[in-house]
Amino acid sequence: MDNNKKLAELLFPGVDKTPEDFEAVYPPRELPEGARVTRFAPSPTGYLHIGGLFGALVDVLTAHSTGGVAYLRIEDTDKKREIEDGVSAIISGFNYFGVDFDEGVTGFGTEKGAYGPYTQSHRAEIYHAVAKRLVENGLAYPCFCTSDELSQLRDRQESEGALIRGYFGKWAKCRNLSLEEIEKNLAEGKPWVLRLRSSGSEDKRIVFDDVIRGKIEMPENIIDEVLLKSDGIPTYHFAHTCDDHYMRTTHVIRAEEWISSVPKHIELFRACGFRLPKYAHTPQVLKTDEETGDKRKLSKRKDPEAAVSYFVERGIPKESVLEYLLTLINSTFEDWRRANPKEDISKFPFNLKKMSSSGCLFDLVKLNDVSKNVISLMSAKQVYDNIAEWAKVYDPEFYEIFTADPAFSTEAVNIDRENPKPRKDIAKWSEVKEYFSYLYTPLYTPDYSLPDNISKLDAAEIAEKYSGVFSLDDDKDEWFAKIKEMCEPLGFTPNVKEYKKNPDGFKGHVGDVSTVIRIALTSRRNTPDLYSIMKLLGADEIKSRLAQAIESWK
Ligand code: GLU
């Protein structure tokens, strides 16, 4: 037995499975030509970042637009970052947004798919089999350096002004330990980590083709990277190499902060004898800092909107968030949407190559506009159901009021909806309570303040007159004709044009008369179609509100 084999046996005595065994367990996938296999691989932090949702959408769209597979892998090798229920929060975030992975973790302790386990902490035997093989091939070695020794190494590199810092070459104390020395250290029970024996060279460069960014050239890796920590748990670098290989990932799509690690990863894939996947590094999700005006990464600490729960709690529909993210993901999305206003986003012909490589600015104001548009295209039933579902959890008091008479509330949300030019004024479900407060007695607090150009006396007169003439049997034309008819005797013009010709000759125009009626009935200067609102309020309520308004203006 050669020394490497002996060393491998010494380090991994119980490991009897080989990389070939796992090749057989996880054979290449039978997928059509060109199908892409992607993965979303979060750490279980108990928090789904909007950038994570963005990345996951890119994964799913890439896979599904090519007839491939997208799966969810939980990367829990960094135990320090793990928090209880860390997985469930991520999964429920994806469930809420309807992001559907074909395989992988489906909940805490549950998963689906033939390439699992999909949680890294359950894959130790795979990592150890590959690690053992690397040692057998002389491509990895145990390092016994203590943290003190490593910090001395850093100090020395600093004082000598070493251009490249880290554990490599002449600095790598354990790189050339003899088998006897290693045996002795092990016998003494010294803790060890497993390091890659890098074959990189300081003056060589590697070039790789990032699917989003094109050709990227970087110095080769020369660092003897840690593969297994002293507790046998792999580092991210090593775990993702094994996982992306045995899960047969074709496209590693991940955040741009990983670009600098690519040389390491390329060396690792080669050392393990694995075929290199394609890499695509997605742009960061940025925001404009309110104080400095500079663009910066959305921060979990500073920006509440970094967590997807922000949108859920405020009742910003998932459709709006997804729609907006798609506009950030592909510049061609908006054209496609104009041409296909009703199509599901899963039909969008997504192209990874059309992604911008610079950061995407996540702007809540734009999201608001997108959301108004998205909601305006929903049916009354959809809107009713969404509001009820949201309110049940986040505003139970409103839920009771809103759902007490479903037919009434459905009619309410149907005002100015389901027509070719729907009204675009609701952006989130949490706005609805205030928006429609005048339709629900328990929510209604009258406010009869008038615009400056209308006197209380005139307002009272208008309301009084109107109380005598309105009829809910009128159709919309008759309804408006009656308001116009009231104008002249009260000193207002029945149309705006006439008033503009001679503004000093009149108190105002039909718009002012309508405003008074609107304020009397809803306490608002601006509402959706007043005729429809009156139908919902009913004659008795209209009469009583007009009387109250008159009382307050007299
Ligand atoms: N677990 C890594 C992270 O959360 C994922 C990186 C990758 O997608 O490869 O950043």
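Up top is the structure these notes are about.
The residue numbering used here restarts from 1 in each chain and proceeds along that chain's sequence as written. Side-chain atom pairs in this predicted model are given and counted only at pLDDT of 80 or more, local residue features only at pLDDT of at least 70, and totals for whole chains, interfaces and linings cover all residues. Here the side-chain values reflect all heavy atoms present in the structure, with hydrogen atoms and water set aside.

Looking at this model, I keep getting lost on the pairing of strand 11 (residues 278-282). Mind explaining?
Within a regular strand, the side chains alternate between the two sheet faces. Classification of residues uses two cut-offs on accessible area relative to the type maximum, computed with a 1.4 Å probe and protein chains only: under 20% is buried, over 50% is exposed, and between them is partly exposed. For helices the rule is a DSSP run of H or I covering at least 4 residues; for strands it is a run of E covering at least 2, with both sets numbered from the N terminus onward. With respect to burial, strand 11 is a largely interior element, 4 of its 5 residues being buried. Judged from the 5 bridges that link them, strand 10 (residues 251-255) and strand 11 form a sheet pairing that is parallel. Bridge pairing in strand 11 links His-251 to Lys-278. Looking down the strands as they point away from the viewer, one classifies a crossover as right-handed if the path from the first strand across the helix to the second runs clockwise. Crossover connection from strand 10 via helix 9 (residues 262-272) to parallel strand 11: handedness right-handed. Here, any two strands with at least 2 DSSP bridges between them count as paired.

Looking at this structure, I do not really get the nonpolar core. What am I missing?
The criterion is simple. A nonpolar core is a set of buried Ala, Val, Leu, Ile, Met, Phe, Trp, Tyr and Cys residues joined through side-chain atoms within 4.5 Å. Counting residues in hydrophobic clusters, the biggest one holds 111 residues, and the most contacted among them are Ile-50, Phe-94, Leu-194, Phe-238 and Phe-362. Here the element with the most residues in this core is helix 3 (residues 50-64); it accounts for 9 residues. With near-sequence residues (within four places) excluded, Phe-94 lies in contact with Phe-40, Leu-48, Leu-53, Ala-56, Leu-72, Val-99 and Phe-101. Judged by nonpolar contacts, the second largest core, of 60 residues, contains Phe-402, Val-510, Leu-536 and Leu-546. Throughout, a contact is declared for two residues whenever any of their heavy atoms are within 4.5 Å.

In this structure, what is going on with the packing of helix 3 against helix 11 (residues 318-329)? I would like to understand it.
What describes two packed helices is the angle between their axes and the distance between those same axes. Interaxial distance between helix 3 and helix 11 falls to 10 Å at its minimum, and their mutual angle equals 75 degrees. When the interaxial angle is binned, helix 3 and helix 11 end up roughly perpendicular. From helix 3, Ile-50, Leu-53, Phe-54, Leu-57, Val-58 and Leu-61 reach across to helix 11, where they touch Val-321, Leu-322, Leu-325, Leu-326, Leu-328 and Ile-329. For this classification, the nonpolar set comprises Ala, Val, Leu, Ile, Met, Phe, Trp, Tyr, Cys and Pro, the charged set comprises Asp, Glu, Lys and Arg, and every other residue, Gly included, is treated as polar. Each residue belonging to the contact of helix 3 with helix 11 can be placed in one class, and the counts come to 12 nonpolar, no polar and no charged. Note on geometry: axes are lines fitted to C-alpha atoms, helical ones only across the stretch in contact, with angles between N-to-C directions running from 0 to 180 degrees. By definition in this entry, angles of less than 35 degrees are roughly parallel, angles greater than 145 are roughly antiparallel, angles of 65 to 115 are roughly perpendicular, and the rest are oblique.

Help me understand the sheet that holds strand 5 (residues 140-143) in this model?
The strands making up a sheet associate through backbone hydrogen bonding, with each pair oriented either parallel or antiparallel. With antiparallel pairing, 3 strands are arranged side by side in an open sheet as 5-6-9. Looking along the sheet, the strands with just one partner apiece sit at the ends: strand 5 and strand 9 (226-228). The sheet shows a mean angle of 45 degrees between the axes of neighbouring strands, taken without regard to direction. Sheet analysis places strand 6 (residues 193-196) next to strand 9, joined by 2 bridges and oriented antiparallel.

Teacher, can you tell me more about helix 8 (residues 236-246) here?
Given 3.6 residues per turn, any residue in an α-helix points the same way as the ones three and four places further on. Counting buried residues along helix 8, 11 of its 11 residues qualify, which places the element largely inside the surrounding structure. Considered for burial, the residues of helix 8 that qualify are Tyr-236, His-237, Phe-238, Ala-239, His-240, Thr-241, Cys-242, Asp-243, Asp-244, His-245 and Tyr-246. A positive backbone phi angle near 60 degrees is found at Arg-248, which sits one or two residues after helix 8.

Would you explain the side chain of Lys-132 in this entry?
By secondary structure assignment, the location of Lys-132 is in helix 5 (residues 124-136). Of the residues examined, Lys-132 reaches a relative accessible area of 6% and is grouped as buried. A distance of 3.2 Å separates a polar atom in the side chain of Lys-132 from the backbone oxygen of Phe-12. Those residues in contact with Lys-132 that sit more than four places away from it in its chain are Ala-8, Glu-9, Phe-12 and Val-15. Think of a polar contact as two N or O atoms within 3.5 Å of one another; within protein, one of them needs to be a possible hydrogen donor and the other a possible acceptor, and neighboring residues in sequence only count if both atoms come from side chains.

Looking at this model, I keep getting lost on the site of the ligand. Mind explaining?
In the neighbourhood of the ligand, the contacting residues comprise Arg-39, Ala-41, Ser-43, Glu-75, Tyr-236, Arg-254 and Trp-258. With residues, only the protein chains shown are counted as cover, and all accessible areas are computed by Shrake-Rupley using a 1.4 Å probe. About the coverage of the ligand: the protein hides 82% of its 300 Å² of free accessible area. Near residues are defined by distance, with any heavy atom within 4 Å of the molecule or strand qualifying the residue.

Would you mind showing me how to read the packing of aromatic side chains here?
To describe a pair of aromatic rings, you give the distance between the ring centres and the angle between the ring planes. We call Phe, Tyr and Trp rings a pair once their centres come within 6.5 Å, taking the six-membered ring for Trp, and we label the pair stacked below 30 degrees between planes, edge-to-face above 60, and tilted otherwise. Scanning all chains against the criterion turns up 31 aromatic pairs. Relative to Phe-311, the ring of Tyr-310 lies with its centre 5.1 Å away and its plane at 75 degrees, an arrangement referred to as edge-to-face. Residue Tyr-310 is classed as buried on the basis of its relative accessible area, which comes to 15%. Judged by relative accessible area, Phe-311 falls into the buried class, the value being 0%. In this structure an aromatic cluster arises from ring pairing among Phe-22, Tyr-26, Tyr-115, Tyr-246, Phe-269 and Phe-274. In this scheme, Lys NZ or Arg CZ marks a charge over a ring once it lies within 6 Å of the ring centre and within 35 degrees of the ring normal. Sitting over the ring of Tyr-167, Arg-195 keeps its end group 3.7 Å from the ring centre. When the ring centre of Tyr-47 is taken as reference, the NZ or CZ atom of Lys-300 above it lies at 4.5 Å.

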